[in-house]
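Observations on chain architecture
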Amino acid sequence: QEKLNSKINEIIDLLTKQGFGQEILFNELQELKELYPKLNKKNWGQVLKGKLVDLGIAQVINQEVAETIFKGLTEQVFRLK
């Protein structure tokens with residue numbers, strides 16, 4: 001859990017530096033931190049994917065940012081194409 005929290009904080013810092021400092025994005029990432037101990041890894045990954053797609057549809061983030069967040073948290077590739 002500490003490792004994940006650290007990764008999420010690093011991603012928040014990176015996104016802030018890149019100008020993606022929307023509160024909605026930070027709230028979603030905070031919620032992911034809280035869900036991690038309650039869900040198994042597979043279900044948590046599915047929630048993460050859903051949140052990233054929702055944020056993309058709402059145009060809060062673009063595809064590149066979604067892929068960066070997913071890879072940073074799961075060390076897997078996330079393709080929306």
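Predicted, not measured: the structure shown is a model, and the values here were computed from it. (Residues numbered from 1 in each chain as written. Predicted model: local features only at pLDDT ≥ 70, side-chain atom pairs only at ≥ 80, totals over all residues. Heavy atoms only, no water.)

**As for the side chain of Thr74**
Defined as follows: In DSSP terms, a helix is any run of H or I states spanning at least four residues, a strand is any run of E spanning at least two, and both are numbered starting from the N terminus. Throughout this description, a polar contact denotes any pair of N or O atoms lying within 3.5 Å of each other; where both atoms belong to protein, one of them has to be capable of donating a hydrogen while the other can accept it, and for residues adjacent in sequence the pair is counted only when both atoms sit in side chains. Residues are treated as being in contact if the distance between any of their heavy atoms lies within 4.5 Å.
Inspection of the secondary structure puts Thr74 in helix α4 (residues 63-74). A polar contact of 2.7 Å, which involves the side chain of Thr74, links it to the backbone oxygen of Phe70. With near-sequence residues (within four places) excluded, Thr74 lies in contact with Trp44 and Leu48.

**Let's talk about the confidence of the model for the protein**
Quick reminder of the rule: Confidence scores here are pLDDT values: one per residue, from the predictor, ranging 0 to 100.
Here the protein shows a mean pLDDT of 89. Residues at 70 or above account for 98%. Looking over the protein, one finds the lowest element-wise mean pLDDT in helix α1 (residues 2-17), namely 89, and the highest in helix α3 (residues 41-57), namely 93.

**A short note on α3**
This is how it is decided: Given a helix with a known number of residues, its expected span is that number minus one, times 1.5 Å. Throughout, exposure labels follow a simple rule: accessible area from a 1.4 Å probe, protein chains only, divided by the maximum for the residue type, with under 20% read as buried, over 50% as exposed, and the rest as partly exposed. It is the directions from the helix axis to the C-beta atoms that the arc portrays.
Between the first and last C-alpha of α3 there are 24 Å, a value that for 17 residues agrees with the 24 Å anticipated at 1.5 Å per step. Residues of α3 that are buried: Trp44, Gly45, Leu48, Lys51, Leu52 and Leu55. One side of α3 carries all its buried residues, which in axial view fall inside an arc of 125°. Among the exposed residues of α3, those oriented more than 90 degrees off its buried face are Lys42, Asp54 and Ile57. Along its buried surface, α3 packs onto α1, α2 (23-35) and α4. Backbone nitrogen of Lys42 and a side-chain oxygen of the N-cap are separated by 3.2 Å at the start of α3; the cap is Asn40. Positioned one or two residues after α3, Gln59 has a phi angle of 60°, which is positive.

**Looking at a nonpolar patch on the surface**
As a reminder, the rule being used: Nonpolar side chains (Val, Leu, Ile, Met, Phe, Trp, Tyr) within 5 Å and like charges within 9 Å form the patches, drawn only from residues with over 30% relative accessible area and no salt bridge. Note on areas: Shrake-Rupley with a 1.4 Å probe; residue coverage comes only from the protein chains shown. A carboxyl oxygen of Asp or Glu within 4 Å of a side-chain nitrogen of Lys or Arg is what we treat as a salt bridge.
On the surface, Val53, Ile57 and Leu80 cluster together to form a nonpolar patch covering roughly 270 Å² of accessible area. You can call Val53 partly exposed: its relative accessible area is 33%.

**Things to note about the packing of aromatic side chains**
The following threshold applies: Working definition: rings of Phe, Tyr and Trp (its six-membered ring) pair if their centres are within 6.5 Å, and the pair is stacked with planes under 30 degrees apart, edge-to-face with planes over 60 apart, and tilted otherwise.
In the structure shown here, the tally under the stated rule is two aromatic pairs. Aromatic side chains Tyr36 and Trp44 sit 5.4 Å apart centroid to centroid with 90° between the ring planes, which places their arrangement in the edge-to-face category. Judged by relative accessible area, Tyr36 falls into the partly exposed class, the value being 29%.

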